[in-house]
Amino acid sequence: MIHYISAEHITIEQIGEIIQQGIRIELSEEAKHRIRRCRSYLDKKINGNNAPIYGVTTGFGSLCNVSIGKDQLSQLQVNLIKSHACGTGERVPNEIVKIMLLLKIQSLSYGYSGCKLDTVQRLVALFNNNAYPVVYKQGSLGASGDLVPLAHMCLPLVGLGQVEYQGHVISGAELLRKKRWKPIELGSKEGLALLNGTQNMSAFAVWALLHARRLSDWADRIAAMSLDAFDGLVEPFTHAVHAVRPHQGQIETARRMRELLEGSQIATNIKAHVQDPYSFRCVPQVHGAVKDTIRYVKSVIDTEINSATDNPTVCPEEDLIISAGNFHGEPIALPIDFLSIAMSELANISERRIYRLVSGLRGLPSFLVANPGVNSGFMITQYTAASVVSLNKSLAMPSSVDSIPSCQDQEDHVSMGANAAIKLYKVVLNTERVLAIELFNAAQALDFRLPLRSSPEICRMHADFRKVVPFILNDELMYPHIEKAIQFLRTWK
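What you are looking at is a predicted structure, and each value in this text was computed from that prediction instead of being measured. (Residues numbered from 1 in each chain as written. Predicted model: local features only at pLDDT ≥ 70, side-chain atom pairs only at ≥ 80, totals over all residues. Heavy atoms only, no water.)

Draft legend 1. Spatial organisation of the overall build of the chain. Looking only at helices and strands, one finds 19 helices and nine strands in the chain. Taken along its principal axes, the extent of the C-alpha atoms in the chain is 85 × 50 × 45 Å. Looking at the chain as a whole, 57% of its 493 residues are labelled buried. Restricting the contact set of the chain to residue pairs at least 6 apart, pairs at least 24 apart contribute 79%. Total accessible area on the chain is roughly 20,500 Å²; 53% of this is exposed by carbon and sulfur atoms. Separation between the mean location of the 50 positive side-chain charges and that of the 48 negative ones in the chain comes to 4 Å. (Helix = DSSP H or I, 4+ residues; strand = E, 2+ residues; numbered from the N terminus. Buried < 20%, exposed > 50% of the residue type's maximum accessible area, 1.4 Å probe, protein only. Contact = heavy atoms within 4.5 Å. Areas by Shrake-Rupley, 256 points an atom, 1.4 Å probe, with all protein chains shown as cover. Lys, Arg positive; Asp, Glu negative; His and termini not counted. Charge placed at Lys NZ, Arg CZ, Asp CG, Glu CD.)

Draft legend 2. Molecular detail of the pairing of strand β2 (residues 24-27). Residues Ile 25 and Leu 27 point to one face of β2 and are all buried, whereas Arg 24 and Glu 26, pointing to the other face, are not buried. Relative to β2, strand β1 (residues 2-5) runs parallel, the two sharing four bridges. Each residue of the ladder has a partner; that of Ile 5, found in β2, is Leu 27. Crossover handedness for the path β1 to helix α1 (residues 12-20) to β2: right-handed. (Pairing = 2+ DSSP bridges. Right-handed = clockwise from strand over helix to strand, strands pointing away.)

Draft legend 3. Examining the packing of helix α16 (residues 379-395) against helix α17 (residues 417-447) more closely. It is at 9 Å that the axes of α16 and α17 come closest, and there the two elements cross at 160°. Relative to α17, the element α16 is oriented roughly antiparallel. For the element pair α16 and α17, the recorded crossing hand is left-handed. Note on element contacts: α17 touches α16 through Lys 423, Lys 426, Val 427, Asn 430, Thr 431, Val 434, Ile 437, Phe 440 and Asn 441, opposite Thr 381, Thr 384, Ala 385, Val 388, Val 389, Leu 391, Asn 392 and Leu 395. (Axes fitted to C-alpha atoms, helices over the stretch in contact; angles between N-to-C directions. Parallel < 35°, antiparallel > 145°, perpendicular 65-115°, else oblique. Left-handed = near helix turned anticlockwise from the far one by under 90°.)

Draft legend 4. Layout of the pattern of salt bridges. Counted by the stated rule, this structure contains 28 salt bridges. Of the charged contacts, one joins Arg 91 and Glu 164 as a salt bridge, the two residues approaching to 2.8 Å between their closest N and O atoms. In this pair, Arg 91 is assigned in strand β3 (residues 88-91) and Glu 164 in strand β6 (residues 162-165), connecting sequence segments 73 residues apart. The network of salt bridges with common partners includes Asp 217, Arg 221, Arg 256, Glu 259, Glu 457 and Arg 460. (Salt bridge = Lys/Arg side-chain N within 4 Å of Asp/Glu carboxyl O.)

Draft legend 5. Here's a closer look at the environment of Leu 215. In this structure, Leu 215 sits in helix α9 (residues 199-229). When the C-alpha positions of Leu 215 and Gln 382 are compared, they lie 19 Å apart, and in sequence the two are 167 residues distant. Residues contacting Leu 215, with those up to four places away along its chain left out, are Met 343, Leu 346, Val 428, Glu 432 and Leu 435.

Draft legend 6. The state of the cysteines, seen in detail. Enumeration according to the criterion identifies zero disulfides in this entry. Cysteine Cys 86 shares no disulfide, and the gap to the nearest cysteine sulfur, in Cys 407, comes to 12 Å. Classification of Cys 86 by relative accessible area gives exposed; the value is 53%. (Disulfide = S-S within 2.5 Å.)

Draft legend 7. Up close: the sheet that holds strand β4 (residues 132-133). With antiparallel pairing, the three strands of this open sheet are ordered in space as β4-β6-β7. Either end of the sheet is taken by a strand with one partner, and the two such strands are β4 and β7 (168-171). The pairing of β6 with β7 spans four bridges and is antiparallel. Each bridged residue has a counterpart across the sheet, and for Glu 164 the counterpart in β7 is Val 169.

Draft legend 8. Highlighting helix α4 (residues 94-108). Counted at 1.5 Å a residue, the expected span for α4 with its 15 residues is 21 Å, and the 21 Å between its end C-alpha atoms agrees. With respect to burial, α4 is a largely interior element, 14 of its 15 residues being buried. (Expected span 1.5 Å × (residues − 1).)

Draft legend 9. Representation of the side chain of Gln 382. Turning to its location among the elements, Gln 382 is positioned in helix α16. Within the structure, Gln 382 has its side chain in polar contact with the side chain of Glu 351 (distance 2.8 Å). Those residues in contact with Gln 382 that sit more than four places away from it in its chain are Glu 351, Arg 352, Ile 354, Tyr 355 and Val 358. (Polar contact = N/O pair within 3.5 Å; in protein donor to acceptor, adjacent residues only side chain to side chain.)

Draft legend 10. Up close: unusual backbone geometry. With an omega dihedral of -5°, the bond running from Asn 311 to Pro 312 counts as a cis peptide bond. Between Leu 450 and the following residue, Pro 451, the backbone shows a cis peptide bond with an omega angle of 15°. Structurally, Pro 451 is set in the loop between α17 and α18 (456-466). Backbone geometry places Arg 362, a non-glycine residue, at a positive phi of 55°. The residue Arg 362 is located in the loop between α15 (330-357) and α16 in this model. The backbone phi angle of Phe 367 is positive, close to 60°, even though this residue is not glycine. With respect to the helices, strands and loops of the structure, Phe 367 is situated in the loop between α15 and α16.

Listed below in structure tokens is the structure:
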């Protein structure tokens, strides 16, 4: 199967399918035409115009007033990539690097960047050969785009940097030898086109959105199991309640909870209590707000990944080359921070349900073990969840409220969107861990409700979970079960 890169809208869901299914990509004939047309226009403007063009015939940043001779334009671009590859810290995961490559190819294919066709095709070759440039998480201010990570991503084009290929990290030069590829001879502006752009931030955001939607669905499923395990009430999910406060996510969540609990013997059993704690009763309001946040952030990132975000912008149709600010990350930095806050809240309310389940309430044994005292049972699973949730709260502090000027104050306001993206990545993984711990607890608690049974849907999920994680009779090593619960969230359908 091949996905053809074109000016047509690419969706986040399509990107997920391309990455997860290993689909190859190719430039459409339309994309090739756009790239050639823009490059041809740029070359003519350079040859026929003595006026300086930022980043094309001048230096970069605060060096924008330094003119560059035509015999040095190519070297200028190579120097740009080399000097900007200042990344540090942990490596960006290969899955996200591959999304970065795809997004950069997509952005360049619109024909507003001035790249040569062979340059874009080499990026396509890296993508299709699963050659992952070694990119580091730290270094981008999210302002002139993601200069540092994109520099690392593009070093292999000219035989520099490192690449993970077939399970081994090799030099960019060695990859070229293995594939019998020649180094790309960068033309004027190409280095700037490659390094300017928001593809690092956007790649993290795309990855996070794909997982956020999955975890949002899991949060509802697990909350429904926890509710029955806690002998909770279904009345708070009645449609009439939510019709008078009709937030879309709230209504969707209430409906989902009713569907998940349909046919539950526990839910219809007579209750001794008349009200549940907020962490159960307010699932539609909290989970629903997270759904609405995901929906909003998705709409913003969807626009971003279908945009040209380098600088200057080359518009052949209007006969314009304009240095502006499409690389600035603020439009997505704020929503990325927003999504971190929302996912942190999904973990926050999950931990509160865990706490209730282990508290020895409503007929459940203390710490969900039949013989507490000699057994600590699930006591420390709640500690772990609380620790992770506390870390999430720190990570949810917005990065986008900060700015540190750079480049001799030419770039005097930056978005810090890349830092927001790194934190979002951690928050999503942490939220998955907390939800897995809740599932571990909910399944244990539900067994104590027998012979009363939950709904067919919850029972199916519980039965499949029991195939990989057993009922805990006496104390045993718990961390392997938590890891299996995490894997269950990733694979169960």
